[in-house]
Amino acid sequence: FCLRYFNSKACVDIMGFTDIDLINDPEIWINSIHPEDRNRIIEEFGMDKFPRKSKYRIIHRDDTVKYIEDKEYKVNNDLHFGIIKDISKDKHNSALLKYFKSSVNQLSGVFWIKQTLPEERIIFIGDSIEEIIGINAGSLTSELWHRHILDEDRVRVKKAYRTFTDRKIPLI
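Calculation notes
Residues numbered from 1 in each chain as written. Predicted model: local features only at pLDDT ≥ 70, side-chain atom pairs only at ≥ 80, totals over all residues. Heavy atoms only, no water. Helix = DSSP H or I, 4+ residues; strand = E, 2+ residues; numbered from the N terminus. Buried < 20%, exposed > 50% of the residue type's maximum accessible area, 1.4 Å probe, protein only. Contact = heavy atoms within 4.5 Å. Areas by Shrake-Rupley, 256 points an atom, 1.4 Å probe, with all protein chains shown as cover. Phe/Tyr/Trp six-rings, centres within 6.5 Å; stacked < 30°, edge-to-face > 60°. pLDDT = per-residue confidence, 0-100. Pairing = 2+ DSSP bridges. Axes fitted to C-alpha atoms, helices over the stretch in contact; angles between N-to-C directions. Salt bridge = Lys/Arg side-chain N within 4 Å of Asp/Glu carboxyl O.

Trainee: What should I look at first to understand the overall build of the protein in this one?
Mentor: Along its length, the protein carries eight helices and five strands. Looking at the protein residue by residue over its 172 residues, the buried ones come to 26%. Of all intrachain contacts in the protein linking residues separated by at least 6 positions in sequence, the fraction that spans at least 24 positions is 27%. Carbon and sulfur atoms form 54% of the exposed surface of the protein, whose accessible area is close to 12,600 Å².

Right, here's the structure in full:
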């Protein structure tokens, strides 16, 4: 493994180790990798394949566990550079979203989330939509959704929808 001579302040914040720490103890980085990820990372970093992108956990100097994304680029045989990014919040949000989707899919009605900016699109729809209108949630588009509204209900639904989106109030 290479000895790293320079680390930005952001890297120090993420890992908890200074340049001096790394120079004094070249093993400090490998020892900070979570034990469950360490062998995989040693194997990945042993391959001469660039650019390299790895995701793993580290144990910060303050004993907190952080998820990081580590990208390494090879300039030549003697010079590599890398970017380490703390993705702990992304991992946490991903776990929350997974839990949220699991909870929503247990509902008997249809739950959906629409994004309006930068473009209008449905970003999530519960799996119960297939049970109700016979269409898989993954293949449902706004146009397809509107085709399943009865003609006599279309004006009322559009009006309620506009009120909801314009004023941000519930449809109920």
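From this point, the narrative continues.
Trainee: Explain the packing of aromatic side chains to me, please; I cannot follow it from the model alone.
Mentor: The geometry of an aromatic ring pair is captured by two quantities: the separation of the ring centres and the angle between the planes. This structure, assessed with the given rule, holds three aromatic pairs. Between Trp29 and Phe45 the ring centres are 5.3 Å apart and the planes differ by 50°, which places this aromatic pair in the tilted class. Taken together, the residues Trp29 in helix H3 (residues 28-32) and Phe45 in helix H4 (residues 35-46) connect sequence positions 16 residues apart. A relative accessible area of 6% means that Trp29 is categorised as buried. On the basis of an interplanar angle of 20° and a centroid distance of 5.1 Å, the ring pair of Tyr73 and Phe81 is categorised as stacked.

Trainee: Would you explain the confidence of the model for the protein in this entry?
Mentor: Parts of the model with low pLDDT should not have their predicted coordinates read in detail. Looking at the protein as a whole, its pLDDT mean stands at 77, while 70% of the residues score no less than 70. By mean pLDDT, helix H7 (residues 142-147) is the weakest element of the protein at 63, and strand E1 (residues 52-59) is the strongest at 93.

Trainee: Can you help me understand the environment of Gly16 in this one?
Mentor: By the element assignment, Gly16 lies in the loop between helix H1 (9-15) and helix H2 (19-24). Here the alpha-carbon distance between Gly16 and Arg61, two residues 45 residues apart in the chain, equals 5.0 Å. The contacts of Gly16, once residues within four sequence positions are left out, are Cys11, Asp21, His60 and Arg61.

Trainee: Would you take a moment to explain the sheet that holds E1 for this structure?
Mentor: The strands making up a sheet are joined through hydrogen bonds of the backbone, oriented either antiparallel or parallel. Spatially, E1-E2-E3 is the arrangement adopted by the three strands of the open sheet, whose pairing is antiparallel. Edge strands, defined here as strands with exactly one partner in the open sheet, are E1 and strand E3 (79-86). On average, each strand axis in the sheet is inclined to that of its neighbour by 30°, with strand direction left out of account. Here E1 pairs with strand E2 (residues 65-76) via eight bridges, running antiparallel. Looking across to E2, one finds that Ile58 is bridged to Lys66. Across the sheet, H4 is in contact with E1 and E2; its angle to E1 comes to roughly 150°.

Trainee: Hey, could you run me through the pattern of salt bridges in this one?
Mentor: Pairing is possible between side chains that carry opposite charge, provided their charged atoms lie close to one another. Counted by the stated rule, this structure contains eleven salt bridges. The partner of Glu69 in a salt bridge is Lys71, with the nearest N and O atoms 3.8 Å apart. Looking at Glu69, the relative accessible area reads 10%, which means it is buried.

Trainee: Explanation requested: the pairing of E2 in the structure shown.
Mentor: Here E1 hands over to E2 after five residues, with Asp63 in that stretch at a positive phi of 75°. Bridge analysis of E2 against E3 gives eight bridges, and the strand direction is antiparallel. By the bridge assignment, Asn76 is partnered in E3 with Leu79. In textbook terms, the turn of a hairpin is the stretch between consecutive antiparallel strands, and for E2 and E3 this stretch comprises two residues.

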